Amino acid sequence: SQQGEEDPQALSIQEGENATMNCSYKTSINNLQWYRQNSGRGLVHLILIRSNEREKHSGRLRVTLDTSKKSSSLLITASRAADTASYFCAPWEVDSSYKLIFGSGTRLLVRP
Amino acid sequence: GAVVSQHPSWVICKSGTSVKIECRSLDFQATTMFWYRQFPKQSLMLMATSNEGSKATYEQGVEKDKFLINHASLTLSTLTVTSAHPEDSSFYICSARGAGGPLGNTGELFFGEGSRLTVL
């Protein structure tokens, strides 16, 4: 199992702006998942993109995946104060452990 | 959607006592559950993988005698922090993956709300 590395570590934007977070990983994956964690809470699954997909949308979320560069990005459009949270990417490879290892995440602050 | 319930959500205990945290999958069967630990403003650290009906697999550096994990059924895993000390104070989060079908084939995890342990 491997962990993703998110960039930037912290991001502060104004409400209504777009927020872009990046993720890099090291080896081949089956899919890559993005999760959100509000302070003091558990993680919530946001979106999953498979290795044969290049882009995926879900509401205000847009995820891209570039397997040749081993990177992914999460775009949140028209951000809201409620989007303030930490965001984690989790690359998943098919192995016997089925573990997800999380990096340090991106702490997003959306200022009202 | 798949729901994971974690209990208690917070607990305060005296040093030297043991604390049990429960993780339940409410509407699906979970053959595998994972226990994470999180320090303030840090990422989740995977502690162990809990497999139903077998021994847990601990990550390197995690004391198995300190953190006892039991996965007695397809819907329940427990983490017991034995002889707790102040340094065990942390936020513990469990997660589960499905036993098969759409929930079990993608690696997607369903997380509990976490349990905040404070050891005095």
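Located above this text is the structure these notes cover.
Now for a description of the structure that goes with this document. (Residues numbered from 1 in each chain as written. Chains lettered and ligands numbered in written order. Predicted model: local features only at pLDDT ≥ 70, side-chain atom pairs only at ≥ 80, totals over all residues. Heavy atoms only, no water.)

Residues and elements named next belong to chain B. For the coordinates displayed, the defined rule picks out two disulfides over all chains. Here Cys23 is linked by a disulfide to Cys94, with a sulfur-sulfur distance of 2.0 Å. Judged by the sign of its S-S torsion, about 80°, the bond between Cys23 and Cys94 is right-handed. Here Cys23 is found in strand β3 (residues 19-25), whereas its partner Cys94 is found in strand β9 (residues 90-97), with 71 residues between them in sequence. (Disulfide = S-S within 2.5 Å. Helix = DSSP H or I, 4+ residues; strand = E, 2+ residues; numbered from the N terminus.)

Right, let's get into the sheet that holds strand β1 (residues 5-7) of chain A. Residues and elements named next belong to chain A. Spatial ordering of the open sheet is given by β1-β3-β8-β7-β6, a layout of five strands whose pairing is antiparallel. The two strands at the open ends of the sheet, each matched to only one other strand, are β1 and β6 (55-58). Put simply, the sheet's adjacent strands are angled 20° from each other on average, direction ignored. Where strand β3 (residues 19-24) and strand β8 (residues 71-76) come together, six bridges link them in antiparallel fashion. (Pairing = 2+ DSSP bridges. Axes fitted to C-alpha atoms, helices over the stretch in contact; angles between N-to-C directions.)

Right, let's get into the pairing of β3(A). Residues and elements named next belong to chain A. The alternating pattern of β3 places Ala19, Met21 and Cys23 on a buried face, while none of Thr20, Asn22 and Ser24, on the opposite face, is buried. Relative to β3, β1 is paired through three bridges, and the arrangement is antiparallel. Its bridge partner being in β3, Glu5 is matched across the sheet by Ser24. (Buried < 20%, exposed > 50% of the residue type's maximum accessible area, 1.4 Å probe, protein only.)

Residues and elements named next belong to chain B. The sheet built from four strands is open, its strands ordered β1-β3-β8-β7 with antiparallel pairing. The two strands at the open ends of the sheet, each matched to only one other strand, are β1 (4-7) and β7 (67-73). With direction set aside, neighbouring strand axes in the sheet form an average angle of 15°. Sheet topology places β1 next to β3; four bridges connect them, and they run antiparallel. Note on β3: the bridge partner recorded for Ser5 is Arg24.

Residues and elements named next belong to chain B. Following the sequence through the fold, Thr80 ends up in strand β8 (residues 76-81). The exposure class assigned to Thr80 is buried, which follows from its relative accessible area of 16%. For Thr80, the residues in contact, after removing those within four places along its chain, are Ser18, Val19, Lys20, Lys66, Phe67 and Leu68. (Contact = heavy atoms within 4.5 Å.)

So, about the interface of chain B and chain A. Interface size, as often reported, equals the accessible area lost upon joining of the parts. In this assembly, 21 residues from chain B lie in contact with 22 residues from chain A. In total, chain B and chain A occlude about 1600 Å² of area from one another, counting both sides; carbon and sulfur atoms represent 54% of this. There are two salt bridges connecting chain B and chain A. Between Glu59(B) and Lys99(A) there is a salt bridge, and its shortest N-O distance comes to 3.0 Å. Viewed at the interface, chain A and chain B are joined by eight residue pairs in polar contact (both at pLDDT 80 or more). For the side of chain B that touches chain A, the secondary-structure elements that each account for two or more residues are β4 (32-38), β5 (44-51) and β9 of chain B. (Buried area = accessible area lost by both parts, 1.4 Å probe. Salt bridge = Lys/Arg side-chain N within 4 Å of Asp/Glu carboxyl O. Polar contact = N/O pair within 3.5 Å; in protein donor to acceptor, adjacent residues only side chain to side chain.)

All names here are of chain A. Here β6 pairs with strand β7 (residues 61-66) via four bridges, running antiparallel. When the bridges of β7 are listed, Ser58 appears paired with Leu61. Between the end of β6 and the start of β7, which pair antiparallel, lie two residues, with Gly59 showing a positive phi angle near 60°.

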